[in-house]
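Notes for the structure review
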Amino acid sequence: MMNWIVALFLQLLLMAVPVSAMQIEADPRTIISFMDKSLSPELDILRVTTDITPDNHLVFQVKTKAERISGEDSDYLLLSIQHEKTYALLIPLNKAEGENIRVYEGVLQPGSKLTSIKFKESGISRSHAGFVARHIVRGAEFIVPLDWINFGADFGFDAFTVQAEIQESTLQISKVYDQARKGRAEEKRISAITLLNNICSPKK
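The notes below deal with the structure included here.

**A short note on the overall build of the protein chain**
Within the protein chain, the regular secondary structure consists of 3 helices and 12 strands. Looking at the protein chain as a whole, 41% of its 204 residues qualify as buried. Entry remark: accessible area of the protein chain is about 11,500 Å², with carbon and sulfur atoms responsible for 56%.

**Considering the environment of Arg47**
By the element assignment, Arg47 lies in strand S2 (residues 45-52). Take Arg47: its relative accessible area is 34%, and that puts it in the partly exposed class. Along the chain, Arg47 and Ile32 lie 15 residues apart, while their C-alpha atoms are 4.5 Å from each other. With near-sequence residues (within four places) excluded, Arg47 lies in contact with Ile31, Ile32, Ser33, Gln61, Val62 and Lys63.

**Notes on the pairing of S2**
In this structure, strand S1 (residues 30-32) lies alongside S2, joined through 3 bridges in antiparallel fashion. Following the sheet pairing, Ile31 is matched in S2 by Val48. Here 7 bridges tie S2 to strand S3 (residues 57-64), and the two strands are oriented antiparallel to one another. When the sheet's bridge partners are listed, Ile52 is paired in S3 with Leu58. Between S2 and S3, which pair antiparallel in sequence order, lie 4 residues; one of them, Asn56, sits at a positive phi of approximately 65°.

**As for the nonpolar core**
Most often, soluble globular proteins keep nonpolar side chains buried together rather than apart. Val48, Phe60, Ile81, Leu89, Phe142, Trp148 and Phe155 are the most contacted members of the largest nonpolar core, which totals 34 residues. If you list the elements that add at least two residues to this core, you get S2, S3, strand S4 (75-83), strand S5 (85-92), strand S9 (139-145), strand S10 (154-167) and helix H3 (192-200). At 4 residues, the largest contribution of residues to this core is made by H3. Once residues lying within four places of it in the same chain are set aside, the contact partners of Leu89 are Leu77, Leu78, Leu79, Ile81, Ile101, Arg102, Val103, Phe131, Phe142 and Val144. Membership of the second largest hydrophobic core comes to 13 residues, among which are Leu114, Ile117, Phe119 and Ala164.

**Observations regarding the pairing of strand S6 (residues 102-106)**
Looking along a regular strand, one sees the side chains alternate between the two faces of the sheet. With 4 of 5 residues buried, S6 is to be regarded as a mostly interior element. By the bridge criterion, 5 bridges tie S5 to S6 in an arrangement that is antiparallel. Looking at the pairing, Tyr87 lines up with Glu105 of S6. Where S6 meets strand S7 (residues 118-121), 2 bridges bridge the pair, whose relative direction is antiparallel. Among the inter-strand pairings, Tyr104 is bridged to a residue of S7, identified as Glu121.

**What to know about the environment of Leu46**
Positionally, Leu46 belongs in strand S2. Spatially, the C-alpha atom of Leu46 lies 8.6 Å from that of Ile31, the residues being 15 residues apart in sequence. When sequence neighbours within four positions are dropped, the list of residues in contact with Leu46 reads Ile31, Ile32, Ser33, Met35, Lys63, Thr64 and Lys65.

Basis of the calculations
- Residues numbered from 1 in each chain as written.
- Predicted model: local features only at pLDDT ≥ 70, side-chain atom pairs only at ≥ 80, totals over all residues.
- Heavy atoms only, no water.
- Helix = DSSP H or I, 4+ residues; strand = E, 2+ residues; numbered from the N terminus.
- Buried < 20%, exposed > 50% of the residue type's maximum accessible area, 1.4 Å probe, protein only.
- Areas by Shrake-Rupley, 256 points an atom, 1.4 Å probe, with all protein chains shown as cover.
- Contact = heavy atoms within 4.5 Å.
- Pairing = 2+ DSSP bridges.
- Core = buried A, V, L, I, M, F, W, Y, C linked by side-chain atoms within 4.5 Å.

What follows is the structure, encoded as structure tokens:
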């Protein structure tokens, strides 16, 4: 009798695991990234989470396995936002390089790679006050004002560690080290208002 109960418990446990994984993957507020042992720890993204601040800003927190104080100065943490255009929000991977946010925009065709886009400097950070990037322990936060978002449009996001070249007002991604959604099918974009409703709902 005891063996039958144990076997039933193990079967129920195995059935519950994929359901839990599906719920995590289906949550539009969070990206759980696969660990990549071939990368140095500061280049390996662990997760991306979203939240709303009391002063109406959308916060994207990108966590990496480790942090870098100094080193290769062409490496960046990049938050990609797909919202009518493709926006690239950059902060240097090295903490010693400072926290000046850079915002670029471009057009990403379905199936094309980030390295194929020639980004141009965007004026949104000047026309909408509140775009901020700052280092945190093992990662960075990107802060976006809610009044910039068009709630009638679709919204998607991803995070990358990249090697990039910045010349005057253009950004060229030369190498992608890691992508938060790497190994998954391209995410289904949802409306910005749906994302906001999900962020504001209680987390399970």
